[in-house]
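Observations on chain architecture
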Amino acid sequence: MQPLIEIKEVSKTYTTGDFRVEALKAVSLTINAGELVALVGPSGSGKSTLLHIMGFLDRPDSGEYYFAGHPTAKLPESRLSAIRSRMVGFIFQSFHLLKRTTARDNVLLPMVYTGLGSDAAKALDCLRLVGLGDRVKHKSNELSGGQCQRVAIARALVNDPLVIMADEPTGNLDAASRQEVMQVIRDLSEKGQTIIIVTHDDEVAAMTDRTVRLKDGRIVSDEIRRTRAPGKAAAAALPPARLSFSPSEFAEQLKVAFKAIWSHKMRSALTVLGIFIGVGAIISLMTISEGFMKSLLSGASEEDAKKVWVTPRWQHGKPRRKFTMGEVEAIRNRVPLAEKVTPSLTRNGLEVSAGDKRTEANVQSREGYDPAEQAAKPDYFENRKVAGRFFTRAENLGRARTAVINQALAKKLFGSENAVNAEIRIKDITFTVVGVADNHKAEDIFGGQPSAYIPLSTAGKRVFGASKLDYVEVAAPTPDDAQEVRRQIIGVLRDARGLREDAEEDFEVKTFETQIEMFKSTMGKLSMVVYGIAGISLLVGGIGIMNIMLVSVTERTREIGLRKALGARNSDILSQFLIEAVVLCLIGGVLGVGLGFGLGWAAYFFTKVKPALGAGTIAFAFGFSTLIGVGFGFWPAMRAAMLDPIEALRYE
Ligand code: ADP
């Protein structure tokens, strides 16, 4: 008959500093299926070491170990964890139940690591078998010691192991509970279950069929009191390494992660603060700039896309060289694609008053593209409602002191009164308001900027103290022509200004596309600052995560040992802690998105630009949070995964 366990000349030496302990000295032992064996001996005689080797929690230094007829020396760790999971059931002196977890869930735990899914009915059967059918929903802290140990026995049974190994199962129990637990063990043995018990208690040993006595790392006696017909078939194949990651395991790990985070609410909240602020900063910037972009693009009509703006290049806060009417004429005559050429004068922050009300306003004047056929309504007012009228041709050409003002200015100077036909003073020159126009899109930003428009001929020296043109707006026939028009204007102006081939232009010609590019580049510079701050916050947040994960791993060292004894692979432990770190970061990330969006709306009150939250931004935030979780959680998780199961179980 094939023995279940066959150990030949197994030795194990522990070295602590210069100190060597030969825990096992060439021990040989054979145990058949169905036996109920006690390993006894004084403390330090090597009982536990032998049990751990037989249970694949430890490896011998030398000697051979055949399990169910298979040599085990060369099996990789992944196979050993599969064997622990499917073929060995452990019972420990201190029960090692999961805290604040029901009897049922404790018994379900080993099923997580088989990869076969969990079977609640089976767990219930096992609890009934140990006489706890009525304590299924009780948590570990609501059970007596004897009941806890019986839950642990049920847990050891749940995956139908070939052998149950118990390390001082009665060591922490009073006499009555000891009796209770031993009765359960004996009943299992009667049903054919192979059981090995380590004990220093001779009374416990007397309740078994066979006593193997150790002393100083050697077997000194082996007394078989009763032989039985072999129990479960010993010639089983060893389970293969489990390579997959089952959904039920993922669910369990998520549950554990949330439980761990929830049980330390304050600590978790402080931990995610850095991620929260960092993600919040990034998201707020992104929503605001996305909002600007959106309003820029949604406000952009085909008219905008056709436009080409000619502006001076600025240096030291001043325009280098403004434009003359001669240059405007050159563009009109020599750029055939230029459909409308609108020279403009503009001044910001001029004092405008009416009666005793005064305010600063932006004063602009724009000539139509053809002064002889001066359109009553310049391009700039397209798509805008106007109360009253625009300038007449005579006014445009004849330096008339008439003005069109926007609603923002009308409101400031006249409140709700009708402004049409009222008088205003711009730099102490009196103008008659002939029309009130809706605010331009661009003027709506920042709560409505007051503007006044006056004829170009009037603007010149008299109002602005200069007749050089501030900029020239040109329209291309189609948006596709804008770049070509831009190119031609550059050529014409370079020529008009006599710039040499290698000379830099003292003007700029922008299309809508270049405007957007410029906006992006300005945002880009601002972004660098925000990203810098966010980066520091995220780094600090990440280090906080790492720190807390290290604490979490240390706190749960014994739990990690238990999970490994129940068959968890290193990768299971690694993923469990990674998932916890990622969940923490994602909580920070989700709250951060909320913060960022909230800040975006807060900014709305100043900018009047609605924040926009794209799917990409959200995906970015979550992706980034996950990355931080994985990045900073990896080392603590790795430390957990690499823990030695025995040392972890013994950790105080
Ligand atoms: P028992 O279970 O019979 O009390 P053990 O198998 O636990 O004995 O230990 C046998 C010997 O090996 C003891 O002297 C113990 O101090 C030593 N030992 C056990 N584990 C370790 C270890 N991880 N490192 C160093 N020495 C150990």
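Cut-offs applied
Residues numbered from 1 in each chain as written. Predicted model: local features only at pLDDT ≥ 70, side-chain atom pairs only at ≥ 80, totals over all residues. Heavy atoms only, no water. Near = heavy atom within 4 Å. Polar contact = N/O pair within 3.5 Å; in protein donor to acceptor, adjacent residues only side chain to side chain. Areas by Shrake-Rupley, 256 points an atom, 1.4 Å probe, with all protein chains shown as cover. Helix = DSSP H or I, 4+ residues; strand = E, 2+ residues; numbered from the N terminus. Nonpolar A, V, L, I, M, F, W, Y, C, P; charged D, E, K, R; others polar. Pairing = 2+ DSSP bridges. Buried < 20%, exposed > 50% of the residue type's maximum accessible area, 1.4 Å probe, protein only. Contact = heavy atoms within 4.5 Å. Axes fitted to C-alpha atoms, helices over the stretch in contact; angles between N-to-C directions. Patch = residues over 30% accessible without salt bridge, like charges linked within 9 Å, V, L, I, M, F, W, Y side chains within 5 Å. Salt bridge = Lys/Arg side-chain N within 4 Å of Asp/Glu carboxyl O. Domains from an automatic or database assignment. Disulfide = S-S within 2.5 Å. Phe/Tyr/Trp six-rings, centres within 6.5 Å; stacked < 30°, edge-to-face > 60°.

Focus: the site of the ligand
If you check the shell around the ligand, you find 13 residues, and the closest are Gly 44, Gly 46, Lys 47, Ser 48 and Thr 49. Gly 44 has a polar backbone atom sitting 2.7 Å from an oxygen atom of the ligand. A distance of 2.5 Å is found between an oxygen atom of the ligand and a side-chain nitrogen or oxygen belonging to Thr 49. Considering the ligand on its own, with 560 Å² of exposed area, one finds that the protein chains cover 70% of that surface. Among the elements of the structure, β1 (5-16), β2 (19-31) and α1 (47-54) are those that each provide at least two residues to the shell around the ligand. For the shell around the ligand, the element with the highest residue contribution is α1, accounting for 3 residues. The class makeup of the residues in the shell around the ligand is 4 nonpolar, 7 polar and 2 charged.

Considering the pairing of strand β4 (residues 62-67)
As judged from the 5 bridges shared by β1 and β4, these two strands associate in the antiparallel manner. Among the inter-strand pairings, Ile 5 is bridged to a residue of β4, identified as Phe 67. Note that β4 and strand β5 (residues 70-71) share 2 bridges and pair antiparallel. Each residue of the ladder has a partner; that of Phe 67, found in β5, is His 70. Between the end of β4 and the start of β5, which pair antiparallel, lie 2 residues, with Ala 68 showing a positive phi angle near 50°.

A look at helix α2 (residues 77-87)
All buried positions along α2 are accounted for by Leu 80, Ser 81, Ala 82, Ile 83, Arg 84, Ser 85 and Met 87. Its buried side turned inward, α2 meets β4, β6 (88-91), β7 (163-167) and α18 (557-565).

Structural notes on the sheet that holds β2
Adjacent strands of a sheet form backbone hydrogen bonds with each other and so pair up, either parallel or antiparallel. Strand order across the open sheet formed by 4 strands is β2-β1-β4-β5, with antiparallel pairing between neighbours. Strand pairing shows two members of the sheet lacking a second neighbour, β2 and β5, which therefore form its edges. Running at roughly 60° to β2, α1 makes contact with β1, β2 and β4 of the sheet.

Thoughts on a nonpolar patch on the surface
The grouping of Met 266, Leu 270, Leu 273 and Ile 277 at the surface amounts to a nonpolar patch, some 410 Å² of accessible area in total. Along the chain, Leu 270 turns up in helix α9 (residues 265-298). You can call Leu 270 exposed: its relative accessible area is 54%.

Description of the domain arrangement of the protein
How big an interface is tends to be stated in terms of accessible area lost as the parts join. As far as domains go, the protein holds domain 1 (5-244), domain 2 (257-297 + 518-650) and domain 3 (303-511). Placing the centre of domain 1 and that of domain 3 at their C-alpha centroids yields a distance of 90 Å.

A closer look at the state of the cysteines
For the structure on display, the rule yields 0 disulfides. Sulfur of Cys 148: no disulfide; nearest cysteine sulfur belongs to Cys 126 and is 17 Å away. For Cys 148, a relative accessible area of 7% translates into the label buried.

Brief notes about the pattern of salt bridges
Under the criterion given, the structure shown has 42 salt bridges. Its salt-bridge partner being Asp 506, residue Arg 321 comes within 3.9 Å of it at the nearest N-O pair. Within this pair, whereas Arg 321 is found in the loop between β13 (318-319) and α11 (325-334), its partner Asp 506 is found in the loop between α16 (482-496) and β22 (507-511), the two being separated by 185 residues in sequence. A salt bridge links Asp 572 to Arg 569; the shortest N-O distance between them is 2.8 Å. Of the two residues, Asp 572 and Arg 569, both sit in the buried class. Taken together, the salt bridges that share partners define one network made up of Glu 252, Arg 556, Glu 559, Arg 563 and Glu 580.

Some words on the packing of aromatic side chains
Under the counting rule described, the total for this entry stands at 7 aromatic pairs. Ring centres of Phe 56 and Phe 67 lie 5.2 Å apart, and the angle between their planes is 90°; on these two criteria the pair is classed as edge-to-face. Placement of the pair is Phe 56 in the loop between α1 and β4 and Phe 67 in strand β4, with a sequence separation of 11 residues. Each of the two residues, Phe 56 as well as Phe 67, counts as buried. Here the aromatic cluster, defined as three or more aromatic residues joined through ring pairs, consists of Phe 56, Tyr 65 and Phe 67.

Brief notes about the sheet that holds strand β3 (residues 36-40)
An order of β6-β7-β8-β3-β9-β10 is seen for the 6 strands of this open sheet, with the pairing classed as mixed. Strands at the two margins of the open sheet, each flanked by one partner only, are β6 and β10 (218-224). Taken over all neighbouring pairs, the strand axes of this sheet differ in orientation by 15° on average, direction set aside. Pairing between strand β9 (residues 210-215) and β10: 6 bridges, direction antiparallel. Note on β10: the bridge partner recorded for Arg 213 is Ser 221.

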